[in-house]
Amino acid sequence: MNKSIKASDVKKSLAACATTVLFLAASLQANSQTTNLWNSSNGSWGNTANWSLVVVADGIDNWAQTANPGGGRTITLDGDRLIGNLDIVVNNNRSYTINAGTPSTSTLTLDVSSGTPVVQVRAGSTAGVLNMNVPVLGSDGLEKRGVGLLNLAAVNLYTGATIMTAGNLAVNGSLAVGSAVQVNGGTFGGAGTINGSITLNSGGTINPGNIIQVGTAPAPQIGVLTAASLTWNGGGTLAFQLGTSPATSDLLNLSGVLTKGTAGVFNFAFSTNSAGFSLGTFTLITFPSSSGFSESDFTFSGPPEVNGVFALNPTSLEFTAIPEPTSAMLAVIGMALMWQLHRRKS
């Protein structure tokens, strides 16, 4: 039996098919990622000849990648750029530096359709450096991966979490109010300003002062790191260099509260300044108030010459370095105690 096909039914079927095709196309586009390899030494981001795909690295979710350089390499943006992620391969204290170029106001926006943009500085047996001398923009945050060092030297305006996973991240410029920092692993430091909060988690380290690469190893420098607040969870570490005075030692300056988070060990890993070390009182952290901590919560480790006690004040945490008892002094104390016991018995 023949049935007539209504025009309205055909239109509905075509509309449904069109919707399905558009959905599939959008899904494929959202899930597709292109990796474009920088194949030049120094040059402009905007020059298509500098990229393996002979097109400028660009687009949400896409990757801009580099190979290990023979020495230092400089890439100039020469205009505002947008990319999903960066994968920088750099070994043996070599470096990539991203500068603004022309105009000097050029910026780099990191944007992904889901999750957090990744800046990966990876290497083989030894690590290198990525210097970002341009403002980073975006609303999805930034995750630092890889064993290498990322140096954020500009006034960065991106929002969303800054997630420290591995390696070293130094903020020598600033991070925006809307970018809270999570230190889950590796070492977070710098001599810049964190306008958002910092959460230090177990396995992570905060080291105030710039971090530079010397030889094949990161070398922390003396400096002041400023942040809005710090929540310190047990198992996280604060690494500080102590010098001949507070002026030659590290400092963490908080404009907000120092808060005790989850239970655990709250250890300071002390080292001494290569220019010298002297006994005295060192201010480690300044803040308008603290919450949850007592002096007995803090422990320290370091070289034998560093010995002392903590003092938790209303607006600061201090460490007073005192002489370590010598073997001769301990012997004298022991003899004095034995003499006192002998007198009591006689």
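Preceding block: the structure.
Keep in mind that this is a model prediction, so the values were computed, not measured.

K.L.:
An account of the overall build of the protein is requested, with residue identities and associated values reported.
P.N.:
In terms of helices and strands, the protein carries two helices and 31 strands. For the protein, the proportion of its 346 residues judged to be buried stands at 42%. Here the contacts in the protein between residues at least 6 apart in sequence split such that 57% fall between residues at least 24 apart. Carbon and sulfur atoms make up 57% of the accessible area of the protein, which totals about 16,100 Å².

K.L.:
An account of empty space enclosed by the protein is needed here, citing residue identities and associated values.
P.N.:
Summed over all chains, the structure comprises one cavity of 30 Å³ or more. By volume, the largest cavity amounts to about 50 Å³. Considering the residues around the largest cavity, the lining is formed by Trp 38, Trp 45, Trp 51, Ala 64, Gln 65, Thr 66, Ile 75, Leu 86, Ile 88 and Ile 98. Residue contributions to the lining of the largest cavity peak at three residues, all from strand S3 (residues 59-66). Looking at side-chain class alone, the lining of the largest cavity contains eight nonpolar, two polar and no charged residues.

K.L.:
Break down the pairing of strand S18 (residues 193-200) for me, citing the residues and quoting the values.
P.N.:
A regular strand carries its side chains on alternate faces of the sheet. As judged from the two bridges shared by strand S15 (residues 174-175) and S18, these two strands associate in the parallel manner. Paired with Ser 174 across the bridge in S18 is Thr 193. As judged from the three bridges shared by strand S16 (residues 181-183) and S18, these two strands associate in the parallel manner. Its bridge partner lying in S18, Gln 182 is registered against Thr 199. For S18 and strand S22 (residues 224-232), the ladder comprises six bridges, and the chain directions are parallel. The residue of S22 that forms the bridge with Ile 194 is Ala 227.

K.L.:
With reference to specific residues and values, describe the side chain of Asp 250.
P.N.:
Within the secondary structure, Asp 250 sits in the loop between strand S23 (237-242) and strand S24 (251-254). One buried charged residue, Asp 250, forms no salt bridge at all, with the nearest opposite charge on Lys 144 at 19 Å. Only 3.0 Å separates the side chain of Asp 250 from the backbone nitrogen of Gly 223, close enough to count as a polar contact. Among the polar contacts listed, one links the side chain of Asp 250 to the backbone nitrogen of Gln 241, at a separation of 2.8 Å.

K.L.:
Tell me about unusual backbone geometry, and name the residues and values.
P.N.:
Here the bond from Thr 102 into Pro 103 is cis, since omega is 0 degrees, no more than 30 degrees from zero. The phi angle at Val 54 is positive, at roughly 55 degrees, despite the residue not being glycine. Note that Val 54 resides in the loop between strand S2 (43-44) and S3. A relative accessible area of 55% means that Val 54 is categorised as exposed. Phi angles above zero are rare outside glycine, and Asp 78 is one such case at about 55 degrees. Relative to the elements of secondary structure, Asp 78 occurs in the loop between strand S4 (73-76) and strand S5 (81-89).

K.L.:
Can you lay out the side chain of Thr 187 for me, pointing to particular residues and giving the numbers?
P.N.:
Take Thr 187: it is sitting in strand S17 (residues 187-190). What makes Thr 187 buried here is its relative accessible area of 18%. The contacts of Thr 187, once residues within four sequence positions are left out, are Met 164, Gly 167, Asn 168, Leu 169, Thr 205, Asn 207 and Ile 211.

K.L.:
For the packing of aromatic side chains, give the residues involved together with the corresponding values.
P.N.:
What the rule picks out here adds up to 20 aromatic pairs. Measuring from centroid to centroid gives 4.7 Å for Phe 270 and Phe 319, while their planes differ by 45 degrees, and the two rings are tilted. A residue pair is termed long-range when its members are at least 10 positions apart, and Phe 270 in strand S26 (residues 266-272) and Phe 319 in strand S31 (residues 316-321) qualify at 49 residues. By relative accessible area, which is 5% here, Phe 270 ends up buried. Relative accessible area serves as the criterion here: at 0%, Phe 319 is assigned to the buried category. An aromatic cluster is defined as three or more aromatic residues linked by ring pairs; in this entry it consists of Trp 232, Phe 240, Phe 266, Phe 268, Phe 270, Phe 293, Phe 298, Phe 300, Phe 310 and Phe 319.

Cut-offs applied
Residues numbered from 1 in each chain as written. Predicted model: local features only at pLDDT ≥ 70, side-chain atom pairs only at ≥ 80, totals over all residues. Heavy atoms only, no water. Helix = DSSP H or I, 4+ residues; strand = E, 2+ residues; numbered from the N terminus. Buried < 20%, exposed > 50% of the residue type's maximum accessible area, 1.4 Å probe, protein only. Contact = heavy atoms within 4.5 Å. Areas by Shrake-Rupley, 256 points an atom, 1.4 Å probe, with all protein chains shown as cover. 1 Å grid on protein atoms, 1.4 Å probe; cavity = no way out; pocket = protein on both sides within 12 Å on 5 of 7 lines; lining within 4 Å. Points joined across faces, edges and corners; volume = space filled by probe spheres on them. Nonpolar A, V, L, I, M, F, W, Y, C, P; charged D, E, K, R; others polar. Pairing = 2+ DSSP bridges. Lys, Arg positive; Asp, Glu negative; His and termini not counted. Salt bridge = Lys/Arg side-chain N within 4 Å of Asp/Glu carboxyl O. Polar contact = N/O pair within 3.5 Å; in protein donor to acceptor, adjacent residues only side chain to side chain. Phe/Tyr/Trp six-rings, centres within 6.5 Å; stacked < 30°, edge-to-face > 60°.

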